[in-house]
Every structure is written in C-alpha cells, then in structure tokens.
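The chain contents come next:
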Amino acid sequence: MIRMAMMLLFLLAAATMVPAVAMADDRACFSCHERSGFSGRVVHEPVAGGRCGVCHNPHVARFKGLLRQRQDTLCYSCHRRQKETFARGVVHEPVADGRCTGCHTPHAGSGRGLIRKDLAGACFACHQDLERKYRYTHQPYAGGQCGSCHRPHRADNLELLVEDGDRLCLTCHVEADLAGGHRDFPAAPAGCLSCHNPHGSSRRALVRDELHQPFRRGCGACHRPGGLTVARCLECHRGVQQQMLATHSHLTRQDGNSCLNCHSPHAGDTDALLRGPVRLLCVSCHLQTLSGYRKSASKHPDIRECNGCHEPHGSSHLAMLRGDGIEVCVRCHEDQGKFTHPVGPGVLDRQTGQVVTCVSCHNPMGTQYGYQLVRDGKKALCVVCHRAY
Amino acid sequence: MMELGSGRSRGREVDMMNRSPLQCGLLLAVGLCLVLAGQARGRSASGWQWSLVLKQDKVSDAMQMPTALFIDAGQEHYYVVDSGRNRLLSFDRKGNLLHIFNAGKGLKTPYDMVRTGNGGIWVVEKGKNSLSHIDLKARRITPATLRFHGALVYPDRLEAADSLYVLDKATGRIIAFDPGSLQARTSFACPNCAGGFVDFRIHDGMLWALDRGDRTVCRFRLDGTLEKVIPLDNRLNFPVSLAIGPSGSIYILDRHSRDIVVYDRTGRFRYRFLGRGISRGRLYYPVEIRFDPWGGLCVVDEGNARVEIFRR
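Source: prediction; values computed, not measured. (Residues numbered from 1 in each chain as written. Chains lettered and ligands numbered in written order. Predicted model: local features only at pLDDT ≥ 70, side-chain atom pairs only at ≥ 80, totals over all residues. Heavy atoms only, no water.)

(A) A look at empty space enclosed by the protein. In this structure the tally under the stated criterion is one cavity of 30 Å³ or more. Taken as a whole, the largest cavity encloses approximately 70 Å³ of empty space. Class assignment for the residues of the lining of the largest cavity results in seven nonpolar, three polar and three charged. (1 Å grid on protein atoms, 1.4 Å probe; cavity = no way out; pocket = protein on both sides within 12 Å on 5 of 7 lines; lining within 4 Å. Points joined across faces, edges and corners; volume = space filled by probe spheres on them. Nonpolar A, V, L, I, M, F, W, Y, C, P; charged D, E, K, R; others polar.)

Below you can see the structure in the form of structure tokens.
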C-alpha cells in the first residue's frame, strides 16, 4: 500500500514537472530575448506554446542560431507532407537548398504562412537582375504580387509558373479582347511569352524590347512556303550552321525548328532573343542535371550561364563543351593550365588512350569530393592510373 | 571474365560446414539482407559479365569519340564508327582489329553506318549533313542530301532492312527511304511528344523507338502504324539509346547515369547495371547499345573511346 502511494506521488510529481520545465524553457529565453520580437498576428505554434527548445538548443549547437538541426530538417520534422511534395517537379532554389527562412519568419509574423512582411522584397533580394520598374510595368508585378503568376515552392511548369504560359495569361485577359491587338496573327493568339515580357517593357503592350530584324519588316520574311524549319533560320544565321553539323547538336524538336526551343522568332529581352535566362532554358530539358548539381557536396561555384562552358548549338567535344577538357577550363583557371599534373596532347590515359584533361579528374557539375574531384583525392583518384602505387 | 553487378552477393565463399547452426543462421540472414538490399537498389542480379573490348590497342592511334557500332552477322565482323578521327574500324568476333578505313580522308564527322548486302556501306556524315554511300569496289563516296516533304533531313541514327531507316535529328522522326532512289517511303513519328525520338531499333519485324522527353518506347509496324506506347518510369536520367533483348526486354542506355536500365516488355523496371568510370567494364560517356547475334550486349562509349561487350 505504501509502495503504491509512493508511486502515485512520484507520477503526480513527474506530471507537474513537465510543463514546469517547458515554462522554465520559455521564461529563461525571454529573460534575455525581447518577447515582443516573438509576437504578431500569426505566431508559429512551437513559439506560441513556449517550446523554444523544439528548434533551439539553449547550450550549444552545430548550426547557426543554436538550431538543433539543419533549418529544413527542423521544418520538415513537423511539415512532413511538404517535404514530399516539394521534392517533385520544378523546385524553387531556396526550397531545394533548404533555406525556408528566406521567405518565412520562423517565430511570428503578420501574414498567413508566416510569410515575411515584404514578400516581393524577399523575391528581389535574390532576383536582383530583375528590374523593379519598367516604362510599362505589368500591374501584378508593379504591385509586388509575384505569387499571382509564380508558385513559391514548386510547380509543374518552368519558372514556377502557376499554369502553362498562355493559360496563365488568360486567367486575367479575356481571349475575345485579344483579337483586336493581334490583327495580322494567322490564328488565335498564342505563345504570349514569345513576344510579351510578363514583367514589363519599354514598349507598349509589354512587347519585349528587342525585335527580330525580319519581324520588324513584317511576317513574310519567315512565314513563306517551305515551312518554318531550322533551315529557314540558318539561311541568315550561317555561323550557327557549322555548329549544327557537329557530332552532337541541339536539333531536337518534332515540329522541325529546334531554334524555337530557346529563341523567340519575334521579340526578346536581349539581342539573342532568348526565351528566358540561359540556365532556365537549359533546365527545361536538363532538370536532373541541375538537381544532381545541387545535391553535390563540391561543385563549380557559378553555373548560372551554362553556355560559358557548353556550346548550346552543337559541338564535337564531349558534353557539348566549347572546347576540349582543358581549353574550357584554362580560360579562367590560367595558372592550372601551366603547372599541374601533366595534361594535354602527349599525356594519354593508358586505359582508354584518351588525352588526360582537367575533366579526367574534376567534374565541375559536382561530386562528393573536394575540388570537384571524381574520386577521393587522397588515394582512390590517383591509383586509377598509377596502379603501381 | 569479370563479374559485374552481383559481386556483393556472390563474391564471398562461405564454408558453412565449419560453422555452428547459429553462425550459419546469422550468415544466411545477413546474406539474404544483402541480396534484398541489392535488389532494392536494382544493381544486382543482372548476371552480365564483361567479355570483350573493341578498341585500337596502339594508344597513340586510339579512337576518338566513337559513336556507333554495326554488326555484320554473316561475316562475323564488328564495325565501329570513329567519329573523332573520321574513320571506320572493323574487328573480328574475337575483338581483333582487322581494318581501318577512312575513305581516302573523305569522311567528315561520320556518326553511324550500315553495311548492305551488295558490299556497299551507308554512312551518316554529320559534317556534310549527308547520308553517304561508299562503293568499296569502285572506291567512291557519294554523298546525298535527304529531304522529307520538302524539308531538309538531318540524318542521325541509321538502320537497314527492306528500306534505309534514318532518324531525322531535326524532327526526331524516323523516315524509311528507298535505298535506290532515296525517296521517302514512310515515316514514324512520336505521338504527342515535343522532342521526337532519339534512337530506334528494328527487331522482329517491328520498329522500336525511344522518346527521351516523355520516357516512352513506341513500337511500330514497318508500315508506319503505331502499335503500342510503352511508358518507362522516372528513374531514367538521360536515355540515349535502346536495344531489345532476345526475350523482349527493353534495355535503355542512360548516358548521364552511365548505366543500363532494363525493363520488361510492358515497361516494368527489372534492374540496372554498370556505372561511371574509366576502368574495364565502366562507362564515361556511353552513346549507343546494341545486341550482337551471339548474345553480347555491346556498349559504345564515346568518353572512353571503346566498345565494350558484355555477356551473361
């Protein structure tokens, strides 16, 4: 009987101590940290419950802000469904990198989803190359409503568009009204983004700034019998023709004009008339390459411009590089081209008979080893060739 | 022969007789776990073993970016298209180099080839955007520019049966040409896909074509009728070539994953094997796979400048 009473007392004491510890956790924190900084119209559930310790270790931690784990690991420990959905399709870079607090405030905020006060400001903090204001600015863009066209986490469409380009435009613009502005259009207006910049332009109707020369003269320069084929483009762009006749090229489009995969035939933001930023165009097909790059522990620091190393039209070098595995690298890494492990003509890999180049040992698209080495540089990489060691 | 893919489960001999029942039980459990783990990764149980390599032994004269293989079953010869050095190499069935042929330095970026019954060779020359005929007896190359419905064709992959089947790189469409007149007879287009086909094979009187963008294999009758679309799964990274196995399995070469992914005839994943590297049995930038008539699975590796042949 006495033993049972003791046990009951112990259980009661334990039950009353748990909230006491949690409260102490909360109180101890706010004895230094100003409580007002953690209050708002919307308060994150653990903060509201005074459970600072869910995310922070009060004594010591390996992560900034005394976080117990990596930021995204912590977030996904509760937001489990999101972890699964955010892994599919086109994923926003901060999401892929696990930088949830780029857009969300972790403690308290004024908006739903704990979104930072100035969401557009958060967008522009990364997308610095976007102009904030144009002579003619699209209304949602001017109002900082990035979310009306783009999804913040992941999407099924490139550029994280909520819908496929044309359908998205038609959510606001009425199809019947568009005919008047497209009088020479041979069919129902389509491919809006081919001519219009959805953010803004110095031209009326948001027509992109640079016009294709033949388009300035009228439609007939290209739209004539014989079809809008690659050959039609190459009639003028002869410099590209040789690249198209290389071992590997980007001639890949069922309707026969692969130029249109990347270039707009009518108008663009730059004189290359690209349909979007280079990397975006590349990942529209090579999404898994970008995904592999992101997951790599060691990678070339900036691959924003894929065409810095790769020739987008065609090349007779591996991986459609602009030159061999040395030429491409030494344009920037000048010193490594002069003193390093012997590379170049005359230095042949005995196993394959191929010239040893920078990319024999490094993979700039990312590896799990330092300096983008394809194997562990302590030994494993070297003994592939130097077997006697 | 070197064993690939199944080393984890088979590479260790265990003397069960000298062990206690508990030890045996533990070992069996561990072994079973290893096998199951291997199968879960889909990297074991392939049974494919490295058998032969086709390459130029003289290192200073090694191939550069070989892009295609043709097998002459009658003569038991392999022909390799050495794109980087503008030449064709022939090997016997044992892998011995027989001839090196550059058509009097007349080839410009050859990419694929077939040899037809009359002793002639058809070569896709990308550098000339041509399907060229080499008459070996007359020692003459005749380039030909192909057209389909008035549009210029950019020849890429090539197969020969009753017609010359040419993959048009520009449209991803496969076009059957009359070998005599080079007039188009019929075509095979990918239904509802943006990029078109990237490779094809003629097997058992059917044309099988690989659609990279949608990760499907389309099976056509040779009259151009689409018979079946076989969806593959999303585990493929950058499929570039296909081969149809003797039992109807579909073998897909994944260039960026540097391996071969095998599906059954319905498109259900079975296993994958091989991996990245330069050593024997490893792949760097593989570009084509093809079965030879003797059960060998041949992989043309541009990056390692060789053709490796695997057998079960």
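(B) Inspection of the sheet that holds strand β10 (residues 140–142) of chain B at higher detail. Residues and elements named next belong to chain B. The strand order across the open sheet formed by four strands is β7-β8-β9-β10, and the pairing between neighbours is antiparallel. Two strands bound the open sheet, and with one partner strand each, they are β7 (110–115) and β10. The sheet shows a mean angle of 25° between the axes of neighbouring strands, taken without regard to direction. The pairing of strand β9 (residues 130–135) with β10 spans three bridges and is classified as antiparallel. Each residue of the ladder has a partner; that of isoleucine 134, found in β10, is isoleucine 141. (Pairing = 2+ DSSP bridges. Helix = DSSP H or I, 4+ residues; strand = E, 2+ residues; numbered from the N terminus. Axes fitted to C-alpha atoms, helices over the stretch in contact; angles between N-to-C directions.)

(C) How the structure looks around the packing of aromatic side chains. For the structure shown, the criterion picks out 16 aromatic pairs over all chains. Residues B:Phe197 and B:Phe220 carry aromatic rings whose centres are separated by 5.9 Å and whose planes lie at 85° to one another, so their mutual orientation is edge-to-face. In this pair, B:Phe197 is assigned in strand β17 (residues 197–203) and B:Phe220 in strand β19 (residues 216–221), connecting sequence segments 23 residues apart. Taken as a pair, B:Phe197 and B:Phe220 share a single burial class, namely buried. Through a chain of ring-to-ring contacts, three or more aromatic side chains come together here, namely B:Trp48, B:Tyr251, B:Tyr271, B:Phe273 and B:Phe291. Directly above the ring of A:Tyr293 sits A:Lys299, whose terminal nitrogen or CZ lies 5.4 Å from the centroid. (Phe/Tyr/Trp six-rings, centres within 6.5 Å; stacked < 30°, edge-to-face > 60°. Buried < 20%, exposed > 50% of the residue type's maximum accessible area, 1.4 Å probe, protein only. Lys NZ or Arg CZ within 6 Å of the ring centre and 35° of its normal.)

(D) Seen up close, helix α3 (residues 71–78) of chain A. Among all positions of α3(A), only A:Asp72, A:Leu74 and A:Tyr76 are buried. Check the buried side of α3(A) and you find it contacts α4 (80–85) and α5 (93–96) of chain A. (Contact = heavy atoms within 4.5 Å.)

(E) Looking closely at the interface of chain B and chain A. Listed by partner, the interface residues are 44 residues for chain B and 34 residues for chain A. Each partner contributes to the roughly 3,100 Å² buried at the junction of chain B and chain A, and carbon and sulfur atoms together form 52% of this total. When the area that chain B buries against chain A is broken down by residue, the three leading residues are B:Val59, B:Tyr154 and B:Lys169, summing to 19%. In this assembly, chain B and chain A are joined by zero salt bridges. Across the contact surface, chain B and chain A share eight residue pairs in polar contact (both at pLDDT 80 or more). (Buried area = accessible area lost by both parts, 1.4 Å probe. Salt bridge = Lys/Arg side-chain N within 4 Å of Asp/Glu carboxyl O. Polar contact = N/O pair within 3.5 Å; in protein donor to acceptor, adjacent residues only side chain to side chain.)

(F) Inspection of the sheet that holds strand β6 (residues 97–101) of chain B at higher detail. Residues and elements named next belong to chain B. Here we have four strands laid out as an open sheet, ordered β3-β4-β5-β6, and antiparallel in their pairing. Two strands in the sheet have a free side with no partner beyond their single neighbour: β3 (66–72) and β6. Ignoring which end each strand starts from, the neighbouring axes of this sheet average 20° apart. Here six bridges tie strand β4 (residues 77–82) to strand β5 (residues 87–92), and the two strands are oriented antiparallel to one another. Note on β5: the bridge partner recorded for tyrosine 79 is serine 90.

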